[in-house]
Amino acid sequence: MSKTIDYYLVPQSPWTYFGHQRFVRIAKDAGATVRVMPMDLGKIFPISGGLPLGKRAPQRQAYRLVELARFSKSLNLPLNLHPKFFPVQGDPAAKLIIAVDMHHGTDAALAITGAVLSAVWHEEHDVADAATLATLLSTHQLDAACLELSNTPEVQSRYDSNTQSAMDAQVFGAPSFVIEGEMFWGQDRLDFVAHKLKL
């Protein structure tokens, strides 16, 4: 019987960028069902002890850059350490991913997620801008109406529900993968995700 993975993400996270395509391959190879669940970390941090990047201690901010460079080289994934549009508001892209999921299904939602992440960290586009999101939809041959759908109360409700679900699952960072109640936090835990899917 195939397993279900709750994939909690934020679309402006470099760590989600590093892990996304590997996760998609792992899930596909295992025949797993993926629930794509963009969440609002801004609502989660106050109850989880997390801090927005700009409020973290200088040594933590400095080490983050070291780790980003290491993973970029190790994974052979291009990444701009100081992208033009970062920090960036993630809500518009998160809600677009939800809208695509509702309109086109999981595979399309995973595809647009990858496109958004690459737009931030490789291509240096503003994913809070509606024109950028419209271009991403067009590039991936997805219905332009998804942009309008992303601004509806229905999508907002699902975004809020995802965030509450993350809180209930004790999620505190992105990406997080929850399988049969067990959480795996971070793109560097994907080997454990793959193992769990084979059990």
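What counts, and where the lines are drawn
Residues numbered from 1 in each chain as written. Predicted model: local features only at pLDDT ≥ 70, side-chain atom pairs only at ≥ 80, totals over all residues. Heavy atoms only, no water. Helix = DSSP H or I, 4+ residues; strand = E, 2+ residues; numbered from the N terminus. Phe/Tyr/Trp six-rings, centres within 6.5 Å; stacked < 30°, edge-to-face > 60°. Buried < 20%, exposed > 50% of the residue type's maximum accessible area, 1.4 Å probe, protein only. Expected span 1.5 Å × (residues − 1). Salt bridge = Lys/Arg side-chain N within 4 Å of Asp/Glu carboxyl O. Contact = heavy atoms within 4.5 Å. Pairing = 2+ DSSP bridges.

Q: Would you take a moment to explain unusual backbone geometry for this structure?
A: Of all residues except glycine, most have a negative phi; of all peptide bonds, most are trans. The step from F86 to P87 runs through a cis peptide bond, and the omega angle for that step is 0 degrees. If you trace the backbone, P87 turns up in the loop between α3 (58-75) and α4 (91-104). For the bond from A174 to P175, the omega torsion is -5 degrees, close enough to zero to count as cis. Counting through the fold element by element, P175 comes out in the loop between α8 (153-168) and β3 (176-179). One non-glycine residue with positive phi stands out, namely Q141, at about 55 degrees. As for its placement among the helices and strands, Q141 is situated in the loop between α6 (130-139) and α7 (145-149). Even without glycine at this site, E180 takes up a positive phi of about 50 degrees.

Q: How do you make sense of the packing of aromatic side chains when you look at a structure like this?
A: To describe a pair of aromatic rings, you give the distance between the ring centres and the angle between the ring planes. Following the criterion strictly, the structure yields 9 aromatic pairs and no others. Plain terms: the ring middles of Y7 and F23 are 4.5 Å apart, the flat faces sit at 45 degrees to each other, and that makes the pair tilted. Separated by 16 residues along the polypeptide, Y7 in strand β1 (residues 4-9) and F23 in helix α1 (residues 14-30) bring together distant segments of the chain. This pair shows no difference in class: Y7 is buried, exactly as F23 is. For the ring pair W15 and F71, a centre distance of 6.0 Å and an interplane angle of 85 degrees mean the geometry is edge-to-face.

Q: Looking at this structure, I do not really get helix α5 (residues 106-121). What am I missing?
A: With 16 residues, α5 ought to run about 22 Å at 1.5 Å a step, and its terminal C-alpha atoms sit 23 Å apart, in line with that. Judged by how many residues are buried, α5 sits mostly within the fold: 13 of 16 residues are covered.

Q: Teacher, can you tell me more about the pattern of salt bridges here?
A: Pairing between side chains of opposite charge can happen when the charged atoms of each approach one another. Taken as a whole and assessed by the stated rule, the structure comprises 7 salt bridges. Here D6 makes a salt bridge to R35, at a shortest N to O gap of 2.6 Å. Within this pair, whereas D6 is found in strand β1, its partner R35 is found in strand β2 (residues 33-38), the two being separated by 29 residues in sequence. Overall, the relative accessible area of 12% leaves D6 in the buried class. Two residues, R189 and D188, come together in a salt bridge whose shortest N-O distance is 2.8 Å. Given the relative accessible area of 31%, R189 is considered partly exposed. Each of E180, E182 and K196 takes part in salt bridges that share partners, so that together they form one network.

Q: Sorry, what's going on with the environment of I5 here?
A: By secondary structure assignment, the location of I5 is in strand β1. The exposure class of I5 is buried, given its relative accessible area of 0%. Along the primary structure I5 and R35 are separated by 30 residues, whereas in three dimensions their C-alpha atoms are 6.1 Å apart. Not counting the four nearest positions on each side in its chain, I5 is found in contact with F23, A27, A32, T33, V34, R35, F177, V178, I179 and L197.

Q: For this particular structure, what's the right way to read the pairing of β3?
A: Along any regular strand, the residues point their side chains to alternate faces of the sheet. Neither face of β3 is exposed, since S176 and V178 on one face and F177 and I179 on the opposite face are all buried. Of the strand pairs in this sheet, β1 and β3 are connected by 4 bridges, and their pairing is antiparallel. Paired with D6 across the strands is V178, a residue of β3. As defined by bridge partners, β3 adjoins strand β4 (residues 182-185) across 4 bridges and the pair is classed as antiparallel. Looking across to β4, one finds that F177 is bridged to F184.

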